[in-house]
Amino acid sequence: MYDKDFVKRAITSPFISYLSEDIVRKELVDGYKNSVRSAIIAPGQCDIINEVKVEYDNGYSRTGMIVGYPYGGMSTNMKVYLTKYARKKHLDEIDVGFNVTAAASRDFDKVREEMKLIMEAAGGEIKVIPMLWMVKFPFEIVDELCRIYVDLGITSVKTSAGIHFGRMQVEHIEWLCNNWGDKLEIEVAGKVRSREIAERMIEAGARFFHMGSWRRLGGIGQDIQFDFNTKETKYGEYKEAE
Amino acid sequence: MTAKELGRIMGGRILESYYDYAHVSNLVYEALDLGFECIQVFPNMLPKVKEVLNGRDLEVCAVVSYPHGIFLPEQKAFEIKDAIGAGATQIEFAVHNINVRSGNWELVHDEFRACRQAAGSCVLKAILECEWLTDEMICKVCEIAVEEKIDRVCTSIGVYTRPDENKNDMLIGVEPEDVRKVKAAVQGKVKVVAQGNIDSISKCRELLGAGADYISSEYAADILRNWE
């Protein structure tokens, strides 16, 4: 796969706490310049992403905001409030953390009820992309979540977050595509660290990749690295384990 | 320090994706049985906590703008008021550290002020995330916490990982040095909560030795039951 094609499948999300404003802006600007699929921000960053979009819009890259990400531990009221806010700011999509506690308790009515309210708040004007937490949940729960999402008219899902032990595997994507690939577009998130694995996931049916390492995997540069000694954040070389 | 005394400064927390309603109930019962100072939960767990408590007294801390903290002041204020309405008696918020790391101190002031106002008389705690901050940043944020009358500052979020020498993920935890830095910065005007992967009695002792006023841990019950 050409690097340019891979980058068009990338989703960047500069809202981690060890960033600074200049790096956030650079990630968004470079994302647009390189035509990433989406740039996802936190609720406090809507103005900056809209400014960048006005200046660098390429007719392809989308703007998005997280809602209840990643644990879904916010109340339904707060998720609805944030959804309405994202809609007011004319963003293209929201990445939603579902009610993980309810799902873990197999209280799927609660999960459905909340997601329905979020969809209503989105009003068809903003695309809702909920998570699945595939690295944590058994397929039985993931299956039920997918069923709920499809019933509610959702068409894309994000496989996990990046804040966890464990990584998304090709087998996760194979299972998801085999069971729901005809109804749900798959955005992979969850510590995908190599181009080889990403390409195998594409073969298995993945469409897009939400990743901090989009530059390195896309062959266009180095990613953001945090130095725990100096507490500096800068673009630098990623070293794989030997 | 006796286990009972430790309990009075110990918070039990369940802030992860694999906890279900039974875990929430269990946390409440452990807290009541062992005398925790508080429990820390997601806002979506508050109805279950209220149901299990059934009128009994327990300080319930809801985490807001968690874990990233990158929210506008009015968004944090909304979530705080919503959580208090659902039964929270304490609030813990993740600080907007992109503002901190960018030196946007007026915005940090605005954030803390909005949270203080929204929280009213509830205990209000700010999560500093020392793991990402230089000593100067820690000092400055603590100064602002003092000025804006935050009740407690917490050292860490406790959910992020970093690679070890083999590139395997390991949890970033609080260290005694973090507690010492924060204690020095607040100069006794704000209480300090040691928080972040506190998984053993020895770790707990080290952090108390470094001056922590409170401890917050997923392993609170184990620590208290085995404390000598």
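Residues numbered from 1 in each chain as written. Chains lettered and ligands numbered in written order. Predicted model: local features only at pLDDT ≥ 70, side-chain atom pairs only at ≥ 80, totals over all residues. Heavy atoms only, no water.

For chain B, an unreviewed UniProt entry supplies the name Deoxyribose-phosphate aldolase and the organism Christensenella tenuis.

As recorded by an unreviewed UniProt entry, chain A carries the name Deoxyribose-phosphate aldolase and is attributed to Christensenella tenuis.

A. Looking closely at the sheet that holds strand β2 (residues 38–41) of chain A. Residues and elements named next belong to chain A. The 8 strands are arranged β5-β4-β3-β2-β1-β8-β7-β6 in an open sheet whose pairing can be described as parallel. Each edge of the sheet is formed by a strand with only one pairing partner; in this case those strands are β5 (127–130) and β6 (156–158). Strand-to-strand twist in this sheet, taken as the mean axis angle between neighbours without regard to direction, amounts to 25 degrees. Summarising the sheet, strand β1 (residues 10–12) and strand β8 (residues 208–210) pair through 2 bridges and their orientation is parallel. The residue bridging Ala10 from the neighbouring strand is Phe209, located in β8. (Pairing = 2+ DSSP bridges. Helix = DSSP H or I, 4+ residues; strand = E, 2+ residues; numbered from the N terminus. Axes fitted to C-alpha atoms, helices over the stretch in contact; angles between N-to-C directions.)

B. Highlighting the nonpolar core. By size, the foremost hydrophobic cluster in this structure holds 167 residues, and its most contacted members are Met65 and Phe98 of chain A together with Ile39 and Phe112 of chain B. Excluding its chain neighbours within four sequence positions, the residues that come into contact with Ile39 of chain B are Gly12, Leu27, Val28, Ala31, Val49, Leu58, Glu59, Val60 and Cys61 of chain B. (Core = buried A, V, L, I, M, F, W, Y, C linked by side-chain atoms within 4.5 Å. Buried < 20%, exposed > 50% of the residue type's maximum accessible area, 1.4 Å probe, protein only. Contact = heavy atoms within 4.5 Å.)

C. Quick look at helix α8 (residues 170–180) of chain A. Those residues of α8 of chain A that sit buried are Val170, His172, Ile173, Trp175, Leu176 and Trp180 of chain A. In this structure, the buried residues of α8 of chain A make contact with α7 (139–151), β6, β7 (185–189) and α9 (195–204) of chain A.

D. The interface of chain B and chain A, seen in detail. Each side of the interface is counted separately: chain B has 45 residues, and chain A has 53 residues. Counting each side, the surface lost to burial between chain B and chain A is near 4100 Å², with a carbon and sulfur contribution of 60%. Along the contact surface separating chain B from chain A lie 1 salt bridge. When the shortest N-O distance is used, the salt bridge between Glu16 of chain B and Lys136 of chain A registers 3.4 Å. Across the chain B-chain A interface, the total number found is 18 residue pairs in polar contact (both at pLDDT 80 or more). For the side of chain B that touches chain A, the elements supplying multiple residues, two or more each, are α2 (21–34), α4 (73–85), α5 (97–101), β7 (161–163) and β8 (169–171) of chain B. Looking at which element gives the most residues to the side of chain B that touches chain A, the answer is α4 of chain B, with 5 residues. (Buried area = accessible area lost by both parts, 1.4 Å probe. Salt bridge = Lys/Arg side-chain N within 4 Å of Asp/Glu carboxyl O. Polar contact = N/O pair within 3.5 Å; in protein donor to acceptor, adjacent residues only side chain to side chain.)

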